[in-house]
Amino acid sequence: MPSHLFADRPAQPPEPGSVDALISQTRRLRGEVDAVRRDTVVDDDDAQGRWQRALCDLAVHHLDDLREHLGQLKEGLPTAPETVELPQVAPEAGLDAQTRVGSAEWNLLTDEVSWSEELFQIFGRSPESGALPLDELGSTLFSEDQPLLTAWVTACLVDGRPIDGEFRIVRADGRVRTLHMRGEPVLDSDGCTASMWAVLRDVSELRRSQRAVRESRDSLQRRREIAQTERRLAVELQEAVLPPWRGSLRFPYGSAGTLDVAAHYLPSATSALIGGDWYDALELPDGCSMLTVGDLTGHGVTATSGMAMMLGALRGMAMAGIEPGPLMGWLNQLLETSVQPALGSAVCCRYDPERQVLSWAQAGHPAPLLFRRGSGRSLLPPEGVLLGATSGASYGQAEESLEVGDLLVLHTDGLTPRSIEFSRADGTERLLALAPRFSAARSAQECVRIVIEEFGESEREDDACVLVARIGG
């Protein structure tokens, strides 16, 4: 059982230095055991010497395994989308470390069989029942392992080959154990096989632990591959749905001037998954323009497929001439009836270049920021709750008169990270503080670069979108 000094102490991740020290100690110990093994002189009649030599062989093998496992521990697992806890394998009762190695010798001349007390315990037999002769040893094995043991024993007795292998036995109490057997023939003065000796070690717990680690590693690898595939699909879907234009976009309005638009997607700094953020700018059939940004909860393919549905519906309704307020109501109803329940926030703007008026609505989303002549402010938001939060919700619509040279900044919530120290208002203040730099910028694309310089290195827990629209003369 575990030492009372460590039984109640929670497991802690190993420090790299401590693992290096363990590797060095294992390497040094392996060399010392190997030296003892080389110095052990074994005579044919020296059973004690053979026993010691076999134990040294086993120790060297397991020290090699230990060093390999410590090396894997030092390297650590590659970064995974989620932490996977390895299963804990509890040792079986009834066999402690002192009873897991036993020895045996089978005399072929006298048919005498000699088992150590430890070997009786390993096989679950009482000494009174006697040791098993070689021809009966196979009866305790799994049927599929019996031919293997027969071949080993035959090769050992006939060809003088040493035995080094594993097989499984079924004890009298029904327990299944895995044994590692190392054995050699003992020759008489004429060079004929007189007996065979062997050392058997119960490696059941070791193999169970190795199997648990292997299964956990395979499970982790499968989950990693699934996560990579999901990310690839989400990226491909996002690229297919978001606007095909990159850089800046200009909507010419003839005598009414132009609308210079630029946008950018910023991935999360802490997550490998793609979120449901979107942005879009669209020229409408009546000569107006639609500007929008939004975000759906969640990550991965589910979020990006939901985003594709919402953005497709938004584009269609905007092209049909539906105003931003009613449009938000239809989006809310669409999200309520979707197969994958989710919440979303969005802002939708409709700009009329003839009147130079911006009509807009929002659903639980940061309001657009208006920059004019070197200063900025947040527009007063109309009524609007999160999409998918309330059945039959109504959404207000506001209007704002714009002037040539005005700059609009639309962004999703992830652009300005929030924490205990920083609120959404703090992030908005940081954006408004960029007003002098925006005033000096020559294009919407340059303004987007300014935003990226300010927020691109932030430790965002979510991805984000930013869209900048500049009213030209």
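Check the entry above for the structure.
Residues numbered from 1 in each chain as written. Predicted model: local features only at pLDDT ≥ 70, side-chain atom pairs only at ≥ 80, totals over all residues. Heavy atoms only, no water.

A.B. asks: Help me understand the overall build of the chain in this model?
C.D. replies: Secondary structure summary: the chain contains eleven helices and 16 strands in total. Counting only residues that meet the buried cut, the chain has 42% of its 473 residues in that class. Of the roughly 24800 Å² of accessible surface on the chain, a fraction of 52% belongs to carbon and sulfur atoms. (Helix = DSSP H or I, 4+ residues; strand = E, 2+ residues; numbered from the N terminus. Buried < 20%, exposed > 50% of the residue type's maximum accessible area, 1.4 Å probe, protein only. Areas by Shrake-Rupley, 256 points an atom, 1.4 Å probe, with all protein chains shown as cover.)

A.B. asks: Just checking my understanding: could you explain the side chain of arginine 177 for this structure?
C.D. replies: Checked against the element boundaries, arginine 177 lands in strand β4 (residues 176–187). Residue arginine 177 is classed as buried on the basis of its relative accessible area, which comes to 1%. A polar contact of 3.5 Å, which involves the side chain of arginine 177, links it to the side chain of glutamate 205. (Polar contact = N/O pair within 3.5 Å; in protein donor to acceptor, adjacent residues only side chain to side chain.)

A.B. asks: Any chance you could explain helix α11 (residues 444–455) here in plain terms?
C.D. replies: A turn of α-helix holds 3.6 residues, and therefore any two residues three or four places apart point the same way. Spanning twelve residues, α11 covers 17 Å between terminal C-alpha atoms, matching the ideal 16 Å at 1.5 Å per step. Within the sequence span of α11, burial applies to Ala444, Cys447, Val448, Ile450, Val451 and Phe455. Burial along α11 is one-sided: seen end-on, the buried residues are contained in an arc of 155°. (Expected span 1.5 Å × (residues − 1). Arc of directions from axis to C-beta.)

A.B. asks: Before we go on, may I ask you to explain the packing of helix α6 (residues 204–241) against helix α7 (residues 301–319) in this structure?
C.D. replies: Helix packing for two helices is described by the angle between their axes and how far apart those axes are. With their axes 9 Å apart at the nearest point, α6 and α7 run at an angle of 10° to one another. Considering their axes alone, α6 and α7 lie roughly parallel with respect to each other. Residues Glu230, Leu233, Ala234, Leu237, Gln238 and Val241 of α6 pack against Val301, Thr304, Ser305, Met307, Ala308, Leu311 and Arg315 of α7. The residue inventory of the contact of α6 with α7, partitioned by class, reads eight nonpolar, three polar and two charged. (Axes fitted to C-alpha atoms, helices over the stretch in contact; angles between N-to-C directions. Parallel < 35°, antiparallel > 145°, perpendicular 65-115°, else oblique. Contact = heavy atoms within 4.5 Å. Nonpolar A, V, L, I, M, F, W, Y, C, P; charged D, E, K, R; others polar.)

A.B. asks: What should I look at first to understand the packing of α7 against helix α8 (residues 324–336) in this one?
C.D. replies: Packing of α7 against α8 brings their axes to within 10 Å, and their N-to-C directions diverge by 145°. The two elements α7 and α8 meet at a crossing, and its hand is right-handed. Here Met309, Met310, Ala313, Leu314, Met317 and Ala318 of α7 come into contact with α8, specifically with Leu327, Trp330, Leu331, Leu334 and Leu335. Here the contact of α7 with α8 is built from residues that sort into eleven nonpolar, no polar and no charged. (Left-handed = near helix turned anticlockwise from the far one by under 90°.)

A.B. asks: Hey, could you run me through the pattern of salt bridges in this one?
C.D. replies: Side chains that differ in charge, positive against negative, can pair when their charged atoms come close. If you walk through the whole model with that rule in mind, you get 23 salt bridges. Glutamate 399 is paired through a salt bridge with arginine 355; the nearest N and O atoms lie 3.7 Å apart. In this pair, glutamate 399 sits in strand β14 (residues 398–401) while arginine 355 sits in the loop between β10 (344–352) and β11 (357–363), placing the two residues 44 residues apart along the sequence. On the basis of relative accessible area, arginine 355 is assigned to the partly exposed category, the value being 48%. Among the charged side chains, a salt-bridge network with shared partners connects Arg177, Asp202, Glu205 and Arg208. (Salt bridge = Lys/Arg side-chain N within 4 Å of Asp/Glu carboxyl O.)

A.B. asks: Got a minute to help me understand the sheet that holds strand β15 (residues 407–411) in this structure?
C.D. replies: Either a parallel or an antiparallel arrangement is found when strands of a sheet pair, and the pairing is made through backbone hydrogen bonds. In space, the six strands of this open sheet follow the order β6-β7-β16-β15-β12-β13, with antiparallel pairing throughout. Each edge of the open sheet is held by one strand with a lone partner, namely β6 (248–252) and β13 (375–378). Averaged over all pairs of adjacent strands, the angle between their axes in this sheet comes to 20°, without regard to strand direction. Taken together, the five bridges between β15 and strand β16 (residues 464–472) define a ladder with antiparallel strand orientation. By the bridge assignment, leucine 407 is partnered in β16 with arginine 470. Taken strand by strand, α11 contacts β6, β7 (258–266), β15 and β16, and its axis lies near 25° from that of β7. (Pairing = 2+ DSSP bridges.)

A.B. asks: Where do I start with unusual backbone geometry in this structure?
C.D. replies: Trans is the prevailing form of peptide bonds, just as negative phi is the prevailing case for residues other than glycine. The phi angle at aspartate 111 is positive, at roughly 65°, despite the residue not being glycine. Residue placement: aspartate 111 occurs in the loop between β1 (101–107) and β2 (113–115). When its relative accessible area of 63% is taken as the criterion, aspartate 111 is described as exposed. Of note, the phi angle at arginine 373 is positive, near 50°, even though the residue is not glycine.

A.B. asks: Could you clarify how one ought to interpret α8 in this entry?
C.D. replies: Helix length check: α8 (13 residues) gives 18 Å between terminal C-alpha atoms against 18 Å at 1.5 Å per residue, within 8%. Restricting attention to buried positions, one finds in α8 the residues Pro324, Gly325, Leu327, Met328, Leu331, Asn332 and Leu335. An end-on view of α8 places all buried positions within 155° of arc, on one side of the element. Buried residues along α8 sit in contact with β9 (289–299), α7, β10 and β11.

A.B. asks: Help me understand the side chain of arginine 372 in this model?
C.D. replies: Along the chain, the position of arginine 372 falls in strand β12 (residues 369–372). A polar side-chain atom of arginine 372 sits 2.6 Å from a polar atom in the side chain of aspartate 406. Dropping the residues within four chain positions of it, arginine 372 is found in contact with Ser401, Leu402, Glu403 and Asp406.

A.B. asks: Help me understand the sheet that holds β14, please; the structure alone is not making it clear to me.
C.D. replies: Read from one edge to the other, the open sheet built from five strands follows the order β8-β9-β10-β11-β14, with strand pairing classed as antiparallel. Each of the sheet's edge strands pairs with one partner strand only, and the pair in question is β8 (275–283) and β14. Averaged over all adjacent pairs, the angle separating strand axes in this sheet is 15°, with direction ignored. For β8 and β9, the ladder comprises nine bridges, and the chain directions are antiparallel. Across the sheet, residue aspartate 277 finds its bridge partner in β9, namely aspartate 295. Relative to β8, α7 is tilted by about 20°, and along the sheet it contacts β8, β9 and β10.

A.B. asks: What exactly am I supposed to notice about the pairing of β14 here?
C.D. replies: Working note: regular strand, side chains alternate between the two faces of the sheet. Alternating residues of β14 divide into Ala398 and Glu400, all buried, and Glu399 and Ser401, none buried. Pairing of β11 with β14 involves four bridges; the strand directions are antiparallel. Looking at β14, one finds that valine 357 is bridged to serine 401.

A.B. asks: Any chance you could explain the pairing of β6 here in plain terms?
C.D. replies: Side-chain alternation along β6 places Leu249 and Phe251 on a buried face and Ser248, Arg250 and Pro252 on a face that remains uncovered. Bridge analysis of β6 against β7 gives five bridges, and the strand direction is antiparallel. Each bridged residue has a counterpart across the sheet, and for proline 252 the counterpart in β7 is threonine 258.

A.B. asks: I would appreciate a short explanation of the packing of aromatic side chains in the present structure.
C.D. replies: To describe a pair of aromatic rings, one takes the distance between the centres and the angle between the planes. Inspection of every chain in the model, using the stated rule, returns four aromatic pairs. Judged by centre distance (4.9 Å) and plane angle (85°), the rings of phenylalanine 371 and phenylalanine 438 are edge-to-face. Of this pair, phenylalanine 371 sits in strand β12 while phenylalanine 438 sits in helix α10 (residues 435–440); the two residues are 67 residues apart in sequence, bridging distant segments of the chain. On the basis of relative accessible area, phenylalanine 438 is assigned to the buried category, the value being 4%. Taken together, the ring pairs in this structure connect Trp115, Phe120 and Phe123 into an aromatic cluster. (Phe/Tyr/Trp six-rings, centres within 6.5 Å; stacked < 30°, edge-to-face > 60°.)

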